[in-house]
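# Chains, contacts and geometry: an overview
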Amino acid sequence: WEFNGSFYQPSAFLMMGIPGLEAFHHWISIPFFLLYFIALLGNGMILFIIKKTQSLHEPMYYLLSMLAVTDLGLALCTLPTTMGIFWFNLRRIGFDACLAQMYFIHILSLSESSVLLAMAFDRFVAVSHPLRYPAILAKSTIIKIGLAIILRSMLSLLPLPFLLKRLTYCKKTELSHSFCFHPDIMNLACADIKVNVFYGMIILLSTVGMDFIFIVLSYILIIKTAISLATKDECLKTLNTCVSHICAVLIFFIPMIGLSMIHRFGKNIPPLVNTLVAYTYLIIPPALNPIIYSIKSSHIRGALLRALRKKS
């Protein structure tokens, strides 16, 4: 402990695995390892295929590459601490290391939300303005979107580590998860955390909240355009191009909203529920997104099969 008058700051935090199931961590590690393996392999394959296949050098697949990079980052951020606990019971994480992990987890989460919004805009332009699609979403525009997503995420979340570092902490240093999360860390403080709560809520509503609203608006316009098409087959064909993106939106936003609500209002919710929602939010989307896009996109599937044939 570092002591300076009445100011206390722990040198390290202790992370939790799955509460009540510590004796089974070695067995529980098997499905977690498989999910991480699928996330790393699947997103790596998506990036490799898009890079090597000239026909996939289009706006939709550039945005899919951004989603794959974000998912890879999320998996790599939480993998060392999660598997360290399950395999070796390594629960200790340094204070500054914890703040760094928290910052990158939140940056990548916000980036994923922004990429999903950009993909919704891509689907809207493709459905509503197909003739202007190449002009509106030119390569230079995609690069600008990518830079805007990175800057937005980094700058809006930059104050978080400093807001946590200024707080005085109690002797309780046990986190609720196997990774560092802003609401989880601030709840260990003995000081007034109103600034942290207010800033966290403002950032959540002005970024992820607004992204979700604009995604919903995009799909209202897409459905309106699809209904106006001449035949039922054309309408279904148009909507079918959005199925992968809708699945990606649902598996990301539902657990994220649930986890945010639990941390802010779910004081009486069992710790196991909190833990499972957190793992669903950070591990399931990176593992499922490449599977969803590989199944639904014939171009990705075809390129993958060609690559496998070439290797064999």
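Residues numbered from 1 in each chain as written. Predicted model: local features only at pLDDT ≥ 70, side-chain atom pairs only at ≥ 80, totals over all residues. Heavy atoms only, no water.

## Structural notes on the overall build of the protein
Helix and strand content of the protein: 12 helices and four strands. The C-alpha radius of gyration of the protein comes to 21 Å, within 12% of the 20 Å expected for a compact globule of 312 residues. For the C-alpha atoms alone, the extent of the protein along its principal axes is close to 70 × 45 × 35 Å. Considering the protein as a whole, with its 312 residues, one finds that 48% of them fall into the buried category. With the model as given, the accessible surface of the protein reaches about 16000 Å², and the carbon-plus-sulfur share is 72%. Once the 25 positive and 13 negative side-chain charges of the protein are each reduced to a mean point, those two points are 6 Å apart. (Helix = DSSP H or I, 4+ residues; strand = E, 2+ residues; numbered from the N terminus. Rg over C-alpha atoms; globule rule 2.2 N^0.38 Å. Buried < 20%, exposed > 50% of the residue type's maximum accessible area, 1.4 Å probe, protein only. Areas by Shrake-Rupley, 256 points an atom, 1.4 Å probe, with all protein chains shown as cover. Lys, Arg positive; Asp, Glu negative; His and termini not counted. Charge placed at Lys NZ, Arg CZ, Asp CG, Glu CD.)

## Comments concerning the confidence of the model for the protein
Per-residue pLDDT for the protein has a mean of 90; in total, 97% of the residues score no lower than 70. Of all helices and strands in the protein, the one with the weakest mean pLDDT is strand S1 (residues 2-4) (46), whereas helix H5 (residues 139-157) scores best (96). (pLDDT = per-residue confidence, 0-100.)

## Looking at helix H2 (residues 59-88)
When the terminal C-alpha atoms of H2 are compared, their 43 Å separation across 30 residues agrees well with the 44 Å that a helix rising 1.5 Å per residue should span. Considering bend angle alone, the principal kink of H2 is centred on Leu79 and spans about 40°; proline Pro80 follows within four residues of it. Just downstream of H2, Asn89 is the residue with a positive phi angle, here 55°. (Expected span 1.5 Å × (residues − 1). Bend = angle between axes of the 7 residues up to and from the residue.)

## Points about helix H3 (residues 95-128)
For H3, with 34 residues, the first-to-last C-alpha span of 50 Å sits near the 50 Å given by 1.5 Å per residue. Burial within H3 is extensive, with 26 of its 34 residues counted as buried.

## As for the state of the cysteines
This model, assessed by the stated rule, comprises two disulfides. Here Cys98 engages in a disulfide with Cys180; their sulfurs sit 2.0 Å apart. Handedness of the Cys98-Cys180 disulfide follows from its S-S torsion of about -120°: it is left-handed. Note that Cys98 is positioned in helix H3 and Cys180 in the loop between helix H6 (159-165) and helix H7 (182-186), a separation of 82 residues in sequence. As far as burial versus exposure is concerned, Cys98 and Cys180 are alike and both buried. What pairs with Cys170 in a disulfide is Cys190, and their sulfur atoms sit 1.7 Å apart. With Cys170 in the loop between H6 and H7 and Cys190 in the loop between H7 and helix H8 (194-227), this pair connects stretches of sequence that are 20 residues apart. Overall, the relative accessible area of 26% leaves Cys170 in the partly exposed class. Here the cysteine-cysteine linkages of the protein are recorded as 1-3, 2-4, numbering only bonded cysteines and doing so in sequence order. (Disulfide = S-S within 2.5 Å.)

## Here we look at the layout of surface pockets
For the largest pocket, the calculated volume is near 520 Å³. Considering the residues around the largest pocket, the lining is formed by 23 residues, among which Met60, Tyr61, Arg123, Thr241 and His299 are closest to the centre. Contributions of two or more residues to the lining of the largest pocket are made by H2, H3, helix H10 (243-265), helix H11 (271-296) and helix H12 (298-311). Along the lines of polarity and charge, the residues of the lining of the largest pocket split into 11 nonpolar, eight polar and four charged. For the second largest pocket, the calculated volume is near 440 Å³. Residue lining of the second largest pocket: 18 residues in total, with Lys172, Ser176, Asp184, Asn187 and Asn274 positioned closest to the centre. Among the secondary structure elements, those contributing two or more residues to the lining of the second largest pocket are H10 and H11. Top element by residues in the lining of the second largest pocket is H11. It accounts for three residues. (1 Å grid on protein atoms, 1.4 Å probe; cavity = no way out; pocket = protein on both sides within 12 Å on 5 of 7 lines; lining within 4 Å. Points joined across faces, edges and corners; volume = space filled by probe spheres on them. Nonpolar A, V, L, I, M, F, W, Y, C, P; charged D, E, K, R; others polar.)

## A look at the side chain of Thr82
Relative to the helices and strands, Thr82 resides in helix H2. Only 3.4 Å separates the side chain of Thr82 from the side chain of Tyr36, close enough to count as a polar contact. Ignoring anything within four residues of it in the chain, the contact list for Thr82 reads Phe32, Tyr36, Ser178 and Tyr279. (Polar contact = N/O pair within 3.5 Å; in protein donor to acceptor, adjacent residues only side chain to side chain. Contact = heavy atoms within 4.5 Å.)

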